[in-house]
Amino acid sequence: QTCALPISLAGNQNCGKTTLFNQLTGSNQHVGNFPGVTVDRKDGVIRNHKEATVTDLPGIYSLSPYSNEEIVTRDFILSEHPSGIINIVDASNIERNLYLTMQLMELDTPMVLALNMMDEVRANGGTIMVNQLEEMLGIPVVPISAAKNEGIDELIEHAIHVARYRELPGRIDFCTAGSDPADPRGAVHRCIHSVGHLIEDHAAAAGLPLRFAATKLIEKDPLIEKALALSDDNRSAFDQIVSVMEKDSGLDREAALANMRFSFLENLCSTTVVRPH
């Protein structure tokens, strides 16, 4: 039977994902494998919401295609089209955890950020401006403590809301370049947009979210490259766009995109995170 609201749970390893999964589902869970790989798959019905199920995806740090876990996670989201994603992050290690968040936001799926271990951050004298974080990311942010079962009901409420009303992330453009012409992010911004125009029909035909397909293609992702099946003409136009960006930014393709993401995160965290003393 198909469930009305399938929700995926994604996050880094060691961020409390298993604990949260157990809090969300109680004992209504079953364990299996993802098709074709020996990666564990856990599914469960969300407590007090029999219309919603949650699938616990493997703990990963990015959506690059280098490990089974990463490939399983992105294939699952791209092919199963869950109604929503709960992305759990460790609030005490937020900058590192949000790298995955930015990539998940490109998947064109409603999502909620569960800010776990907030109690520890506060106990150490730090804080995170949740409202500002929410505003800058364009997705709901809910502080929780999975271990203490705090904030879980509010998290479920938000997740079910965005899933039911198809509320997509408010932003997927992270190239916030200043007015400085030497800032490599301007070049990255132009490149991603040009590539987006170039591959729009191919991405639609392959059933891939456009922004995700564009950034992955620029990052030399072989699986996305294959799925897009560009013609030779498009291929050489693409190479041209990328070499202009590499020249203008002074960085190679992969470094330019990583730099764009880290610059955004640095700015995000310096605005929203008050470090412990």
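No experiment lies behind these values; they were computed from the predicted model shown. (Residues numbered from 1 in each chain as written. Predicted model: local features only at pLDDT ≥ 70, side-chain atom pairs only at ≥ 80, totals over all residues. Heavy atoms only, no water.)

Within the chain, the regular secondary structure consists of 11 helices and 9 strands. Relative to the globule expectation of 19 Å for 277 residues, the C-alpha radius of gyration of the chain, 19 Å, shows essentially globular dimensions. Put simply, the chain has 277 residues, and 50% of those count as buried. Sequence separation of at least 24 residues holds for 69% of the intrachain contacts in the chain that already meet a minimum separation of 6. A total of about 12,600 Å² of accessible surface is found on the chain, and carbon and sulfur atoms cover 49% of it. If you average the places of the 23 positive and of the 37 negative side-chain charges in the chain, the two averages end up 2 Å apart. (Helix = DSSP H or I, 4+ residues; strand = E, 2+ residues; numbered from the N terminus. Rg over C-alpha atoms; globule rule 2.2 N^0.38 Å. Buried < 20%, exposed > 50% of the residue type's maximum accessible area, 1.4 Å probe, protein only. Contact = heavy atoms within 4.5 Å. Areas by Shrake-Rupley, 256 points an atom, 1.4 Å probe, with all protein chains shown as cover. Lys, Arg positive; Asp, Glu negative; His and termini not counted. Charge placed at Lys NZ, Arg CZ, Asp CG, Glu CD.)

Another aspect to go through is the pairing of strand E3 (residues 40–45). Walk down a regular strand and you will see the side chains alternate between the two sheet faces. Sheet topology places strand E2 (residues 29–33) next to E3; 5 bridges connect them, and they run antiparallel. Directly across from Val31, in E3, lies its bridge partner Lys42. Connecting E2 to the next strand, E3, in antiparallel fashion are 6 residues, including Gly36 with a positive phi near 80 degrees. Two elements, E3 and strand E4 (residues 52–56), share 4 bridges in a ladder whose sense is antiparallel. (Pairing = 2+ DSSP bridges.)

The subject of this paragraph is the side chain of Glu106. For Glu106, the location among the structural elements is in the loop between helix H3 (94–104) and strand E6 (111–116). Using a relative accessible area of 2% as the deciding quantity, one classes Glu106 as buried. Sequence-distant contacts of Glu106, that is, excluding residues within four places in its chain, are made with Ile172, Pro209, Arg211, Phe212, Thr215 and Arg261.

The α-helix winds at 3.6 residues per turn, so residues separated by three or four positions along the chain end up facing the same way. The sharpest bend along helix H7 (residues 184–206) reaches about 60 degrees and sits at Ile199. Within H7 the residues assigned to the buried category are Pro184, Arg185, Gly186, Ala187, Val188, Cys191, Ile192, Val195, Gly196, Ile199 and Ala203. On its buried face, H7 is in contact with helix H8 (210–218), helix H9 (222–228), helix H10 (232–249) and helix H11 (253–272). Phi turns positive one or two residues past the end of H7, at Gly207, with a value near 70 degrees. (Bend = angle between axes of the 7 residues up to and from the residue.)

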